[in-house]
Amino acid sequence: MLALTAAGVGVSAAGVAGLSLASENETTSASDGAPLVISVRDAKKGTLDIFSGSSKKTVTDKKLAAQLLKAAR
């Protein structure tokens, strides 16, 4: 499920399949049953906020941000 914000700048995605953000040293994963939510904070820079359970990670991935925006159209 994807939704554009009213300003048309952000996108949120729940349950994005195939997205692996955990490093090799981390034990938490999206498979722990918690929903995975991705928010495109800055599409030009590719800044994404990833929420799972009570944790939040911020990553930069211009290609993924562009794909999420394209899928939301």
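Conventions used here
- Position numbers for residues start from 1 in each chain and track the written sequence from start to end.
- It should be noted that, the model being predicted, local features are given only for residues of pLDDT at least 70 and side-chain atom pairs only at 80 or more, the latter also being counted only at that level, while totals for whole chains, interfaces and linings use all residues.
- To obtain the side-chain values, all non-hydrogen atoms of the structure were used and water was disregarded.
- Only DSSP runs of H or I with at least four residues qualify as helices, and only runs of E with at least two residues qualify as strands; both kinds are numbered from the N terminus onward.
- Relative accessibility thresholds used throughout: buried, under 20% of the residue-type maximum; exposed, over 50%; partly exposed, between the two (1.4 Å probe, protein chains only).
- Here, two residues are considered to be in contact whenever any of their heavy atoms come within 4.5 Å of each other.
- Using the Shrake-Rupley algorithm and a 1.4 Å probe, accessible areas are obtained, with residue cover drawn only from the displayed protein chains.
- The directions from the helix axis to the C-beta atoms are what the arc is built from.
- Within 3.5 Å is the distance limit for a polar contact, defined as a pair of N or O atoms, with the added protein rule that one can donate a hydrogen and the other accept it, and that residues adjacent in sequence qualify only through two side-chain atoms.
- Strands pair, by our definition, only if DSSP identifies at least two bridges between them.

S.K.: For this particular structure, what's the right way to read the overall build of the protein?
M.R.: Counting its secondary structure elements, the protein contains one helix and five strands. Reading the protein from its N end, one meets helices and strands in the order β-β-β-β-β-α. The buried share of the protein, taken over its 73 residues, is 23%. Within the protein, contacts between residues at least 6 apart in sequence are counted, and of these 30% link residues at least 24 apart. Of the accessible surface of the protein, which amounts to about 5100 Å², a share of 53% is contributed by carbon and sulfur atoms.

S.K.: Can you help me understand helix H1 (residues 62-72) in this one?
M.R.: Each α-helix turn comprises 3.6 residues. Residues three or four places apart therefore point the same way. Residues Leu64, Ala65, Leu68, Leu69 and Ala72 constitute the buried set of H1. Considered in projection along H1, the buried side chains sweep an arc of 135° and stay on one side of the axis. More than 90 degrees from the buried face of H1, the exposed residues found are Lys62, Lys63, Lys70 and Ala71.

S.K.: I keep staring at the side chain of Asp49 and nothing clicks. Help me out?
M.R.: Mapped onto the elements, Asp49 comes out in strand S4 (residues 47-52). Asp49 gets classed as buried once you look at its relative accessible area, which sits at 7%. Only 2.8 Å separates the side chain of Asp49 from the side chain of Arg41, close enough to count as a polar contact. Residues in contact with Asp49, not counting those within four places in the same chain, are Val37, Ile38, Ser39, Arg41, Lys56, Lys57 and Thr58.

S.K.: Please explain the environment of Asp32 as it appears in this structure.
M.R.: Secondary-structure assignment places Asp32 in the loop between strand S2 (11-14) and strand S3 (36-42). On the basis of relative accessible area, Asp32 is assigned to the partly exposed category, the value being 48%. C-alpha separation for the pair Asp32 and Gly53, spaced 21 residues apart in sequence, amounts to 9.1 Å.

S.K.: Teacher, can you tell me more about the pairing of strand S5 (residues 55-60) here?
M.R.: The two faces of a sheet get side chains in turn, since along a regular strand they alternate between them. Examined bridge by bridge, S4 and S5 share six bridges and lie antiparallel to one another. By the bridge assignment for S5, Ile50 is matched with Lys57. Between S4 and the antiparallel strand that follows it, S5, lie two residues; Gly53 among them carries a positive phi value of about 60°.

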